[in-house]
Structures are given as C-alpha cells and as structure tokens.
Amino acid sequence: MKIYYSLGLDEEVQVQSKVQGGIRYAGPHRLLRILETYWGFQGYESNQEHLRIEQYRQLLMAHIEQYPKAFYQHSFAADQMATATEMLSRRDELLLGGWNFEVDRDAPDRLQTFAELEAMTYVQGCAEQPKQENQIGLYPGFSDRFIQILSHLKDRYNPIQEIVLLEPRQLLMTYLQKLLAQLEQRGTHIIQQEQIAQNDSADLALFQKVLAEGTIDQKQSFQADGSLYILRCQRETDAATFLASLMRQNEQWKPHVLMTEKNRTLDNALIQEGLPSMGILSASLARPVLQIIKLAPAFLWTPIDPFKIMEFVNLKVKPLEEELAHRIAQQLAQSPGIGGEGWRIAVGSYFDALEKKASGNAHLKVGEIRQQYNFWFRRNRYPISARVPIGEVIELYHYLKDWSFRMFEDSGNRQQSLLVLSEQAKRIEELLQALPEQQLSYLELERIVRTIYEPSPVLFRPQEVGFAPFVHHAAAFLKPVDQLVWWNFTQAEPNHFFSRWYQAERETLAKSGVELDKPKEENARLIWQRRQPVLHTQQQLILVIPEQVSGKAVAKHPLYSDLEAAFTNLKAISLKVDDKRTHELLSASFQLPKFETLPMQQLGTPNAFIQLPTLANYLTDNKETYTSLDNCLYYPYQWVFKYKSRLKKSSILSVVKDQTLLGNLAHRFFERLLKEEEVTHWTKLQIESWIDDEAKQMFGQEGAALLMYGREPEKINFLNRIKYAAWSLIDCLHRNGWTVHDTEMSMEGQFGDCELRGKADLVLSRGEEFAVVDLKWRGLGYRERMIKNQEDLQLVMYAHLLGQPTEYIHTAYFIIERGQMIARDNAAFAELNALQGDMTSPQIHELIAQRMQATYTWRNKQLRKGFVEVRCEQTLPLLPDAFDQHGLEEESLDILEMKSEDARFDDYRVLINMVS
C-alpha cells in the first residue's frame with residue numbers, strides 16, 4: 001500500500017487524478033484509522049470528545065478535593081468545562097510526546113499535577129491499562145489510540161510499503177516523526193515529494209521566487225501578463241457571482257479552487273448559473289435549525305428571556321405549529337411575557353378555531369399541537385438564581401432529539417440540518433446523563449450547551465459531474481494545477497501567542513526523552529503550508545479578497561504582506577468586479593459577463609391630489625374610530641390607503657422598544673388600579689403596596705424584558721414613577737370629589753352620517769358631572785400645545801360620545817411619566833393652571849365639534865368626487881390652485897386648521913412620491 005501523507009489530507013475531498021488501487025491519501029487521523037483497521041483495533045465510538053471533557057472534569061473535581069491548592073484551582077472555580085477542556089488537551093499533548101507521567105520530587109509543580117491526575121485515570125477499553133481502585137475512566141482519544149498503535153508497531157504486520165510526504169519531514173509534529181521512524185525501520189520507504197518547478201510566466205514566477213527564496217534584494221514590478229490577479233470586491237457574494245458567470249461563459253476555463261472555510265457562497269453562485277454543484281459542506285452556527293439548541297434552555301427559567309422566546313417562535317423550523325408560533329410572536333411583540341390576559345386570549349382563540357377546523361379535517365392533529373404547546377409553555381420553570389433538576393434538562397433535549405429525527409425522516413432526507421440537530425441534542429443528552437450532579441445552575445447549563453454547540457458540516461447538494469475540483473487545506477495539493485482560484489484570500493489561521501509550557505518543564509521532559517512542539521516549529525510549519533497553493537500553480541492564480549464575509553469585515557491573508565513588501569505596483573494586477581478596468585485586462589483572455597448599470601429612476605414630486613374615479617364605491621361603510629377619523633380630517637391619503645385599500649404594514653415580530661413597553665405597562669397598572677373598589681379613598685401606603693404586589697405578576701406576564709439581568713435599576717425607576725403618578729392621580733381625584741365611573745370604556749354614537757366608536761381610558765363622575773381623562777405615558781409639552789391650539793380632538797370626541805349635556809362634561813390629559821394632570825380650565829381639578837381662559841370649556845368643545853363636522857363634510861365632498869388630497873410640505877404651495885381648479889375649496893372658513901408639516905410616522909411616503 002502506498003500512502004500520500006499530508007496534514008491537510010484528512011478532508012474528504014481531495015485534488016487527485018484517476019483512482020488507482022493500493023494508493024491512499026491520509027492525514028494524521030486517516031493514517032491512524034488505516035493502521036487500526038489492519039491491526040484490528042476497531043470499535044471506537046466517534047464524537048466522544050464531549051464525554052471525555054466531562055470525564056476529565058469529574059477527574060479534576062476528585063483531584064482538587066485531595067489537592068485543593070492545585071495550580072488550576074482558580075480557573076476551575078470560574079469555568080469547570082473550559083478548564084477541563086484545556087487540561088485534557090495538555091494531557092493529550094504530553095501523552096503524544098511520549099511521556100509516561102512519572103516524575104521525581106524536584107519536578108515542576110504542573111508536571112507533578114498531571115502525573116497525579118494520570119495516576120487517578122484509566123483509559124476505558126485499553127487492555128494494557130486495567131482499572132484500579134478509585135480510578136476514573138476516560139474514553140480513548142486520538143492520543144491514546146495513537147500511542148496504542150505506536151506500541152504495537154514492532155510485533156505487527158506493516159501493510160505500508162511507501163509513504164510520500166508532502167510536508168518536509170522535519171516540519172511534522174514530533175509524534176508523527178516517531179511513527180515514520182518506526183515504520184521506516186519496519187520496511188516502509190519514506191519519500192519526500194519533490195519541489196514543484198517554478199512557473200515561467202512573469203508575474204506568478206516572481207511571486208513564487210519571492211516565497212521560495214524568502215528574501216528580496218529590491219522591490220519588483222508586475223508585468224500584468226495575466227498569470228496573477230487580485231480580485232477585490234465589497235462582499236464575497238459579488239466575487240462569487242462574477243466568477244460563476246465567468247466560468248459559465250468560458251467553458252474551457254476549469255480552475256481548481258482553494259476554499260479554506262466551509263462556505264457555500266461560490267457553490268450557490270455556480271448552481272445559479274446552471275453549473276455543476278461542487279458539493280461543498282456547509283459548517284455554520286447561523287443555520288436556523290441549530291439555533292434551537294441554545295434557545296431551548298430559555299424555557300426552563302423564570303423570569304423568561306422574551307428575546308430568546310421570540311427567536312424560538314420565529315425560527316423557520318421549530319417544534320411548534322406555525323400559526324400558533326405566529327400568534328405567540330405577535331403577543332410577545334406587544335407584551336413580552338407569558339400567561340397574561342392578552343396571551344390567554346390569543347392562545348385560547350387559536351385552539352378554539354383549531355378545534356372547529358379539526359371537525360372537518362381528520363389530518364389536523366389537535367392533540368399533538370396542544371402537547372407541543374404544553375411542553376414548551378406550561379412546563380415547570382425555576383428561578384434563574386436557583387438550580388434546575390437535571391432530569392428536566394434531559395427531558396428537554398431528549399424531546400428535541402426525537403422530534404428532529406422524526407422531522408428528518410418525514411422530509412425524505414432533504415433537511416440534513418435536522419439530522420445534525422438530532423445528533424447535537426443526543427450529545428447534550430449523553431453529557432447530561434454522565435454528570436454526577438443532580439441539579440444545574442443557569443451558567444453551568446449554558447456552558448454545557450456551548451461545549452456541544454458547534455458548526456457541524458452539512459451537505460445540502462451532492463457533487464455533480466463536471467464540478468470544479470477544490471480543497472479545503474493549503475497543504476492538500478498532491479500535484480501542480482494549471483489555474484487556481486484562492487477563494488477568500490483572507491486571514492483564517494489560528495493565532496499562536498506563546499508556549500503552553502515553561503522552560504523548566506520542557507527541560508524536565510527532555511530528560512525523559514519527551515520533545516513537545518514549540519511555537520517556533522508550529523509557525524515554521526504554518527509558513528510552509530500557506531505557500532503551497534502559490535507554488536503549486538503553473539499558469540494562473542486568482543486571489544479573491546472581499547472586504548466583508550458574511551457581513552463581517554475580514555483581514556487579508558498573511559501572504560498579502562509578502563506581496564506588498566516585494567512588489568511596487570499591486571494596482572497593476574488588482575481588479576474590481578464592477579470596474580471597467582477589469583474588463584479591459586481580462587477581455588484578451590476571457591469572454592466576460594456583461595455588466596448593466598441600471599439607471600437611477602427618480603420618483604416624481606408629490607401631486608396635490610390623487611384621482612381615484614371609483615373611490616365613491618368604497619365610501620358606503622361609514623364606521624370610524626378616532627384614529628381613522630383623524631386621518632380622514634388631516635391626511636386623507638393615509639385614510640384611503642390604510643382604511644379603504646387595507647394597505648397596512650405587517651407587525652414587526654420583535655419585542656417592543658423600551659418606551660413603548662413602559663407606556664403599555666403603565667396603562668395596564670392604571671387600568672387595574674382604577675378598577676379597585678373605593679380606590680379614590682386609598683392612602684399612599686395602600687397604593688404603593690398594591691403596585692408592589694401587582695408588579696410581581698405583571699412583569700412576568702407582560703414586561704419580562706425589565707426582569708432581565710442588568711435591568712433592575714430601570715425596573716425600580718419605572719415602579720417609582722408609577723407609584724408617584726398613581727398617588728398624584730388618586731389624590732387629585734379625592735381632593736376634587738371625583739369617583740371612577742369606568743375604565744377602558746367603550747363608546748358608540750353618531751358623528752354626522754357616520755358611526756363613531758371609541759374607548760376612553762378613564763371616565764370620572766361627580767354628581768351630574770363627568771370627566772373624560774386620557775392617560776398618556778409621556779408628551780407633556782405636546783399635549784399642552786394640543787389643548788392651547790384646540791387640537792385635542794380625541795377628548796372632544798369622547799365627550800361627544802358620552803351622551804351627556806356639554807356643560808356637564810370635562811376633559812383632561814394625565815401624563816403618567818410626570819404624574820401631572822393638564823386641562824383647558826380648572827373647573828374639574830381646582831389646583832390646575834388653566835391653559836385657555838378666553839372661552840369656557842363647553843363653548844370650546846362645541847366649537848371644535850362643529851369644526852370637525854364641517855371638515856368631515858368637506859373631506860367627504862372631495863372623496864366622493866374621486867379626489868384624495870396629498871398634504872405635505874412639498875404640496876402646500878400647490879393646494880390652493882388645485883382646490884380652485886377642481887371646485888374643491890372649502891365652503892366656509894369654519895373648519896379645522898390644516899397641518900403645514902408632513903404627517904408623523906407616515907407609512908405611505910413612497911406611494912405619494914415623497915421617497916425615491
């Protein structure tokens with residue numbers, strides 16, 4: 001058997017020519033499996049590293065009980081999993097280095113600790129190391145298996161006749177050099193692959209010479225002969241589209257591709273162009289299905305994290321029925337919590353409708369959907385400062401494992417991500433079952449999930465005949481290639497800062513014949529590997545350098561510094577995918593894709609009117625709310641678009657912003673408080689105590705965002721404002737003799753020829769008098785200006801709908817954030833400063849109502865003629881002439897004063913040509 005060996009040949013896809021019998025391609029792990037197969041060392045389970053880490057964590061726990069001052073004590077106290085991962089890695093490195101874990105008294109402290117740990121360990125499945133009393137088992141890892149193979153080389157048949165090394169032998173890891181030395185003694189011929197002959201093309205040859213020699217006397221100049229190009233772009237998608245189109249239009253151009261990251265951007269572009277799929281594995285933590293792994297624990301804790309719950313219900317694939325998830329998302333967006341009044345209404349109405357559908361549809365599995373809902377949203381939840389029983393967590397991931405596997409089978413093996421999800425959930429379940437603890441804290445569970453949660457490669461589309469050959473590792477080239485595209489010539493290498501071992505430790509190990517790799521040797525190996533793609537290219541090399549990959553800025557590859565240091569004119573070989581110069585340089589060698597610059601299409605300026613001849617057909621339904629009436633009076637185009645054409649923006653399924661949340665919560669507090677009996681006679685202490693008690697439930701059901709870590713000051717500040725505002729309001733009502741007549745009072749009545757509906761926040765009574773109070777979270781100055789300018793239409797409308805004599809109705813705003821009542825006069829609340837004193841409130845209310853009616857009649861006249869006014873700053877100069885031209889001028893001056901500014905929060909700016 002002949003083996004081509006390189007550190008980069010453990011990947012599944014290799015650049016190779018024809019298949020030949022007796023020839024294998026291997027990296028360290030493949031070579032280990034080959035030898036294990038020949039010598040019968042089989043049966044090792046894959047994907048056990050997470051369990052090895054947990055076993056080593058338990059070992060560290062047992063060790064630190066005996067040696068509480070061990071060198072890793074502080075790290076272990078901070079993060080047990082991370083410490084176990086690092087300690088296990090160092091143990092494996094020492095084992096591969098050939099250490100037998102025997103020390104004398106003068107050995108450095110850390111080596112003595114590792115010797116103590118190894119004495120407490122036995123490797124499971126290893127016949128040479130039977131379990132002794134009080135030892136803790138450890139699954140065999142790569143290091144254990146490698147040492148086992150190394151120890152059996154002398155008495156086993158050697159199946160390998162020849163090994164061709166791609167890397168220089170002296171640059172390989174020490175343990176690999178030991179293996180090669182023993183194989184050589186057993187008759188294996190070790191051959192070093194010859195250096196690749198340099199290219200004769202000027203630019204590429206210059207670059208190869210610089211890399212091969214490592215030094216330069218003076219900077220060189222490129223000839224731009226087409227053998228070396230740097231392709232620059234803003235995003236990697238731009239380069240992918242360009243290269244895919246270039247390959248489609250030049251069928252004879254078949255470059256190899258070096259793709260150092262498992263990224264499907266280029267493969268997707270090739271498929272879009274109708275070219276064969278490369279069969280690239282995609283390894284990404286951004287895959288929506290895998291998000292469930294880290295979001296699932298959010299259901300175990302209270303207070304809930306509404307942002308994680310929102311992410312969960314918005315996932316494309318999730319263990320929850322789609323319509324149910326959508327309704328929950330809509331409810332969470334407005335009231336971030338679980339179990340509130342709105343939540344119960346939304347979920348209850350969903351299941352009521354589902355039961356009705358199921359009566360005529362046998363395929364609807366109502367019981368299964370209800371079980372899904374109960375599993376996630378009606379389970380036991382534990383305080384985030386407490387600990388959750390481990391059985392609850394195991395149940396969670398066991399459910400995910402089974403659900404995702406069933407979904408994978410039902411999808412006909414099309415959704416490979418579901419299989420990855422099932423495997424990762426299984427690994428978490430296995431790790432949890434291996435834990436000695438019976439309960440877990442929030443941070444411990446998060447650390448366990450993070451240990452398992454990793455970007456597992458998934459094959460979305462298999463390789464197709466004629467695919468572009470590629471490799472993932474710079475040292476995976478078996479032979480020269482004519483053309484090479486280095487896809488994403490960016491920094492993707494690990495950082496090496498310092499040695500993990502002190503000099504005294506290395507010297508102690510050296511006395512036992514143990515040699516560990518040093519950072520100098522690792523860097524030398526890395527430098528050799530990164531040069532190979534350039535040296536193996538014979539005719540043309542294209543280096544693709546995007547500024548952003550997956551939306552994130554990236555650094556250039558380290559070899560780019562060599563280019564800058566060695567050459568004076570990088571611009572001569574630099575291309576941009578959207579630049580004319582690119583076409584000039586490449587047109588001699590390629591048939592280029594055509595770029596079309598789309599002309600900027602400016603929208604016209606807004607017109608004074610939109611003419612809709614059939615608009616009168618939509619005016620038969622004369623039912624209005626205050627909001628729709630306000631749009632009709634001031635901005636008719638919004639009224640037509642929103643209420644007649646039903647052009648409404650979809651709700652944004654994200655948790656509301658803080659100010660909106662605080663306003664919603666404030667209204668809920670006051671709505672519930674004012675429904676209490678005899679509340680106007682409560683003391684300040686009673687009010688504050690009621691608010692504290694109510695907050696415990698309300699925050700969990702409707703304001704969980706304020707219960708999250710770090711938001712305690714905001715929550716306390718909000719409650720203090722509510723307490724101050726509640727006492728200010730109750731005290732004001734008590735001193736002025738008002739009692740609560742109703743809250744959230746629904747009203748209906750006639751307004752001209754239309755039916756008007758509304759809902760008043762608070763209606764008070766005092767004998768024959770009534771007061772309508774609108775509760776607002778903030779906006780004191782804005783509401784004062786509305787009253788002074790006689791623009792408080794909403795209050796006037798509520799007073800009109802109350803159906804009482806005008807002289808007995810008062811109106812006011814209460815600004816919760818300030819705890820302040822504002823009104824037109826002080827007839828209802830004696831301590832207020834009157835904002836308008838020339839006329840009495842009943843007179844002003846009557847005047848505003850008449851103007852509203854006149855304005856509504858005027859607007860109806862325009863709309864029935866098919867004219868929709870577009871009022872904004874740009875159309876103001878055009879409106880008078882447009883009114884005259886179409887005979888739409890107002891018949892009297894007794895209408896509301898029209899706005900002179902653009903509408904606030906306008907969703908229809910594009911439709912009226914205000915946004916291009």
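The model shown is predicted, which means the values in this text are computed figures rather than measured ones.

Q: Got a minute to help me understand the packing of aromatic side chains in this structure?
A: Geometrically, a pair of aromatic rings is defined through the distance of the ring centres and the angle of the planes. Scanning all chains against the criterion turns up 39 aromatic pairs. An angle of 70° between the planes, with centres 5.6 Å apart, marks the rings of Phe609 and Phe883 as edge-to-face. Of the two residues, Phe609 is situated in strand β20 (residues 609-611) and Phe883 in helix α31 (residues 879-886); the sequence distance between them amounts to 274 residues. Residue Phe883 is classed as buried on the basis of its relative accessible area of 8%. Relative to Phe718, the ring of Phe699 has its centre 6.3 Å away and its plane inclined at 65°; by these criteria the two rings are edge-to-face. Here Phe718 lies in helix α27 (residues 712-735) and Phe699 lies in helix α26 (residues 684-702), a separation of 19 residues in the sequence. An aromatic cluster is defined as three or more aromatic residues linked by ring pairs; in this entry it consists of Phe299, Phe312, Trp343, Tyr350, Phe351, Tyr373, Phe375, Trp376, Phe377 and Tyr399. The side chain of Arg379 reaches across the aromatic face of Phe375, ending 4.8 Å from its centre.

Q: Explain the nonpolar core to me, please; I cannot follow it from the model alone.
A: Within soluble globular proteins, side chains that are nonpolar generally end up buried alongside one another. Ranked by size, the top nonpolar core spans 90 residues in total, and within it Trp376, Phe377, Tyr397 and Leu432 carry the most contacts. By residue number, the principal contributor to this core is helix α16 (residues 390-410), which donates 9 residues. Dropping the residues within four chain positions of it, Leu432 is found in contact with Ile390, Val393, Ile394, Tyr397, Leu440 and Ile448. If you look at the next biggest cluster of nonpolar residues, it comprises 53 residues, including Tyr635, Met797, Ile809 and Tyr856.

Q: I keep staring at the pairing of strand β23 (residues 754-766) and nothing clicks. Help me out?
A: On a regular strand, one side chain projects to one face of the sheet and the next to the other, so that they alternate. Direction of pairing for strand β21 (residues 623-625) relative to β23: parallel, over a ladder of 3 bridges. Residue pairing in the sheet places Thr625 in a bridge with Arg757 of β23. Looking at chain direction, strand β22 (residues 739-751) and β23 are connected through 11 bridges and run antiparallel. If you follow Thr743 over to β23, its bridge partner there is Leu762. Where β22 folds back onto β23 in an antiparallel hairpin, the turn is made up of 2 residues, including Gly752, whose phi is positive at roughly 65°.

Q: Could you clarify how one ought to interpret helix α24 (residues 636-644) in this entry?
A: One turn of an α-helix holds 3.6 residues; hence residues three or four places apart share an orientation. Within α24, 8 of the 9 residues are buried, which leaves the element mostly enclosed by the surrounding structure. Within α24 the residues assigned to the buried category are Pro636, Tyr637, Gln638, Trp639, Val640, Phe641, Tyr643 and Lys644. Its buried side turned inward, α24 meets β20, β21, α23 (626-634), α30 (841-864) and β27 (867-869). Within two residues after α24, Arg646 carries a phi angle of roughly 60°, on the positive side.

Parameters and conventions
Residues numbered from 1 in each chain as written. Predicted model: local features only at pLDDT ≥ 70, side-chain atom pairs only at ≥ 80, totals over all residues. Heavy atoms only, no water. Phe/Tyr/Trp six-rings, centres within 6.5 Å; stacked < 30°, edge-to-face > 60°. Helix = DSSP H or I, 4+ residues; strand = E, 2+ residues; numbered from the N terminus. Buried < 20%, exposed > 50% of the residue type's maximum accessible area, 1.4 Å probe, protein only. Lys NZ or Arg CZ within 6 Å of the ring centre and 35° of its normal. Core = buried A, V, L, I, M, F, W, Y, C linked by side-chain atoms within 4.5 Å. Contact = heavy atoms within 4.5 Å. Pairing = 2+ DSSP bridges.

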